[in-house]
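# Notes for the structure review
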Amino acid sequence: SRKNGQPLNEILALGLIGPEAREAVPTLLEAFKNPELQPNVLTALAGIGSGAEAAVPALVEFLKTAESSKQSQPLETLLKIGPPARAALPVLEQIVATQTNVLRVLAAVAIARIEGKPDRAAPPLVEALRWVSQRSDPSWQFHVPSPRVSFPKQYGFGSREAAAWFLGEFGPAAKAALPELTDAMEKGRPWLRVLAARAIWRIDHNPAKVLPELTRALSEREDLE
């Protein structure tokens, strides 16, 4: 299907090819000039990942001028590009230094992925677990990475939820976050409790720590939908 005659599906299909679609990046950057196509272009560039290095300068300029509500997706794209996005480090460091919301979480994770140092992200993510997000804060539109993951197809994560998700992605390297994750699992809102339990399991693989919480979450399933 198309929207206003624009090839949205074709753009998204490029992201499914992965790094091998790097030759399409210049064309995607042309499409990126159209505000209506920007979300789909960012999704495609994230899918191309390390092959999208040529898009880094445009993403950096976008972050410098875009309002905060539009910054979470380009930050996610940069963290998916990983080490080839090294030129974005200055703007990412600035976001970590000046923001206290999910944008700081995403920027910290992007820095860690670019530098190949997961432990660098742990302190700001641990701090984020203590924040109480405000309604006006930007959110990260989490998309299901696999049909085996039973999240809603698209879900707006705040800073605490995003921090718990990425700490789980870092696995044992995030061991220092276990106390804060345990507190979030015991006292947080329903989705945060589940995400914190997932992170704890991925960090130390001790089922005794997470099974009671996951059992409780199942009994309160209507709160998670």
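Residues numbered from 1 in each chain as written. Predicted model: local features only at pLDDT ≥ 70, side-chain atom pairs only at ≥ 80, totals over all residues. Heavy atoms only, no water.

To continue, consider the overall build of the protein chain. On a plain count of helices and strands, the protein chain comes out with twelve helices and two strands. Taken across its 225 residues, the protein chain has 48% of its residues classed as buried. When contacts within the protein chain are restricted to residue pairs at least 6 apart in sequence, long-range pairs at least 24 apart make up 61% of them. (Helix = DSSP H or I, 4+ residues; strand = E, 2+ residues; numbered from the N terminus. Buried < 20%, exposed > 50% of the residue type's maximum accessible area, 1.4 Å probe, protein only. Contact = heavy atoms within 4.5 Å.)

Following both chains from N to C, one finds helix 3 (residues 38-48) and helix 5 (residues 72-81) inclined at 15 degrees, their axes separated by 8 Å at the closest point. Viewed along their axes, helix 3 and helix 5 adopt a mutual orientation that is roughly parallel. Between helix 3 and helix 5 lies a crossing whose hand is left-handed. Of helix 5, the residues touching helix 3 (which contributes P39, L42, T43, L45 and A46) are Q73, P74, T77 and K80. Per-class residue counts for the contact of helix 3 with helix 5 are five nonpolar, three polar and one charged. (Axes fitted to C-alpha atoms, helices over the stretch in contact; angles between N-to-C directions. Parallel < 35°, antiparallel > 145°, perpendicular 65-115°, else oblique. Left-handed = near helix turned anticlockwise from the far one by under 90°. Nonpolar A, V, L, I, M, F, W, Y, C, P; charged D, E, K, R; others polar.)

By secondary structure assignment, the location of A184 is in helix 10 (residues 178-187). Note on A184: relative accessible area 1%, which makes it buried. Not counting the four nearest positions on each side in its chain, A184 is found in contact with L129, L192, R193 and A196.

Let us look at the environment of N101. Assignment of secondary structure puts N101 in the loop between helix 6 (89-98) and helix 7 (102-115). Setting aside its immediate chain neighbours within four residues, N101 contacts W131, D137, P138 and S159. Looking at N101, its side chain comes within polar contact range of the main-chain nitrogen of L103, at 2.9 Å. (Polar contact = N/O pair within 3.5 Å; in protein donor to acceptor, adjacent residues only side chain to side chain.)

Right, let's get into the pattern of salt bridges. When the charged atoms of two side chains lie near each other, side chains of opposite charge can form a pair. Considering all chains together, one arrives at 13 salt bridges under this definition. Measuring nitrogen to oxygen at the nearest pair gives 3.0 Å for the salt bridge that ties K33 to E30. Its relative accessible area of 60% is what places K33 among the exposed residues. Note that R198 is salt-bridged to E169, the shortest N-O span being 2.4 Å. Taken together, the positions of R198 in helix 11 (residues 190-204) and E169 in helix 9 (residues 159-170) put the pair 29 residues apart, joining distant regions of the chain. (Salt bridge = Lys/Arg side-chain N within 4 Å of Asp/Glu carboxyl O.)

The next point concerns helix 9. In a regular helix each residue adds 1.5 Å, so twelve residues correspond to 16 Å; helix 9 covers 16 Å between its end C-alpha atoms and thus fits that length. Residues of helix 9 that are buried: S159, E161, A162, A163, A164, W165, F166, L167, G168 and F170. Positive phi shows up at G171, right after helix 9, with a value of about 65 degrees. (Expected span 1.5 Å × (residues − 1).)

Our focus in this paragraph is the side chain of Q71. As for its placement among the helices and strands, Q71 is situated in the loop between helix 4 (56-65) and helix 5. The class of Q71 is buried, set by a relative accessible area of 8%. Residues contacting Q71, with those up to four places away along its chain left out, are L63, A66 and L103.

Residue-level pLDDT values for the protein chain average 87, and 86% of them are 70 or greater. Ranking the elements of the protein chain by mean pLDDT puts strand 2 (residues 154-157) last with 73 and helix 4 first with 97. With pLDDT under 50 throughout, residues 1-7 is counted as low confidence; its partners more than four residues away or in other chains account for seven contacts. Segment residues 145-153 is flagged for pLDDT under 50; beyond a separation of four residues in sequence, or across chains, it makes 13 contacts in the model. (pLDDT = per-residue confidence, 0-100.)

For the pair helix 6 and helix 7, interaxial distance at closest approach is 8 Å and the crossing angle is 140 degrees. The element helix 6 and its partner helix 7 pack so that their crossing is left-handed. From helix 6, L89, L92, E93, I95 and V96 reach across to helix 7, where they touch L103, R104, A107, A108, A110, I111, I114 and E115. Residue composition of the contact of helix 6 with helix 7, grouped by class: ten nonpolar, no polar and three charged.

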